[in-house]
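Structural overview for review
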Amino acid sequence: MYTQQRISSEEALKMIQHVIHEAHQLKKEIAVAVSGPEGEPLAFLRMDGASPAASRIARNKAYTAAIDRKDTKLMGEFMNDNDRPPAFWGDDGVTGFGGGVTVRSKGVVVGGIGVSGLSEAEDERIAYAAIAAVYGKDHKND
């Protein structure tokens, strides 16, 4: 039997609540998604007024961070540096937009979080802040 660790539904909701809190502080509307390590969605929210496109992008960011086991910013850099567009993966859900962050526990990927609606750098900052809010300030996505 194989057992796989993943973000709990409670942890996913806490991360989403933190992202929403951050967005309210910025007076912005965003979308946020959390997935398990296999890329399956665990939780999602699009704030009132957020772009419908942000919904798909947030889900794709969480999915990509989880299944490829690297932050989407790094995926985007790899795509650009190696002339590999997202279509190379044969998966419509793969994205290289920054703002998708892999969530790890003791070196094991337990899921991904994707934030969309702001700049890629701000999306990524908020995603990392949500992870720290749930797993502790010293959590460095180990």
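Bear in mind that the values here come from a model prediction, so they are computed numbers and not experimental data.

Quick notes on the rules
Residues numbered from 1 in each chain as written. Predicted model: local features only at pLDDT ≥ 70, side-chain atom pairs only at ≥ 80, totals over all residues. Heavy atoms only, no water. Salt bridge = Lys/Arg side-chain N within 4 Å of Asp/Glu carboxyl O. Helix = DSSP H or I, 4+ residues; strand = E, 2+ residues; numbered from the N terminus. Buried < 20%, exposed > 50% of the residue type's maximum accessible area, 1.4 Å probe, protein only. Pairing = 2+ DSSP bridges. Axes fitted to C-alpha atoms, helices over the stretch in contact; angles between N-to-C directions. Parallel < 35°, antiparallel > 145°, perpendicular 65-115°, else oblique. Left-handed = near helix turned anticlockwise from the far one by under 90°. Contact = heavy atoms within 4.5 Å.

1. Side note on the pattern of salt bridges
By the definition in use, this model includes four salt bridges. One salt bridge in this structure joins Arg 125 and Glu 22, with 3.0 Å as the shortest N-O distance. Of this pair, Arg 125 sits in helix 4 (residues 120-135) while Glu 22 sits in helix 1 (residues 9-26), and the two are 103 residues apart along the sequence. Since its relative accessible area comes to 37%, Arg 125 is described here as partly exposed. As a salt-bridge pair, Arg 125 and Glu 122 come within 3.0 Å of each other at their nearest N and O atoms. Residue Arg 125 and its partner Glu 122 are both found in helix 4; the two are separated by three residues, about one turn of the helix. Owing to a relative accessible area of 23%, Glu 122 belongs among the partly exposed residues under this scheme.

2. Examining the pairing of strand 1 (residues 31-35)
In terms of burial, strand 1 is a largely internal element, five of the five residues being buried. Of the two faces of strand 1, the one holding Ala 31, Ala 33 and Ser 35 and the one holding Val 32 and Val 34 are both buried throughout. Relative to strand 2 (residues 41-46), strand 1 runs antiparallel, the two sharing five bridges. Its bridge partner being in strand 2, Ser 35 is matched across the sheet by Pro 41. The hairpin formed by strand 1 and strand 2 contains five residues between the paired strands, and Gly 39 there has a positive phi angle of roughly 90°. Examined bridge by bridge, strand 1 and strand 4 (residues 108-116) share five bridges and lie antiparallel to one another.

3. Some points on the packing of helix 1 against helix 4
Axes are the key here: two packed helices are described by the angle between their axes and the distance separating the axes. Following both chains from N to C, one finds helix 1 and helix 4 inclined at 130°, their axes separated by 9 Å at the closest point. Classified by the angle their axes make, helix 1 and helix 4 are oblique. Remark: the crossing between helix 1 and helix 4 carries right-handed chirality. Contact residues: Glu 11, Lys 14, Met 15, His 18, Val 19, Glu 22 and Leu 26 in helix 1; Glu 122, Arg 125, Ile 126, Ala 129, Ala 130, Ile 131, Ala 133, Val 134 and Tyr 135 in helix 4.

4. Observations concerning the sheet that holds strand 1
If you trace the four strands from one edge of the open sheet to the other, you get 2-1-4-3, paired in antiparallel fashion. Every other strand in the sheet has two partners, leaving strand 2 and strand 3 (100-105) as the edge strands with one partner each. On average, each strand axis in the sheet is inclined to that of its neighbour by 15°, with strand direction left out of account. Contacting strand 1, strand 2, strand 3 and strand 4, helix 2 (residues 52-67) crosses the sheet at an angle of about 160° to strand 4.

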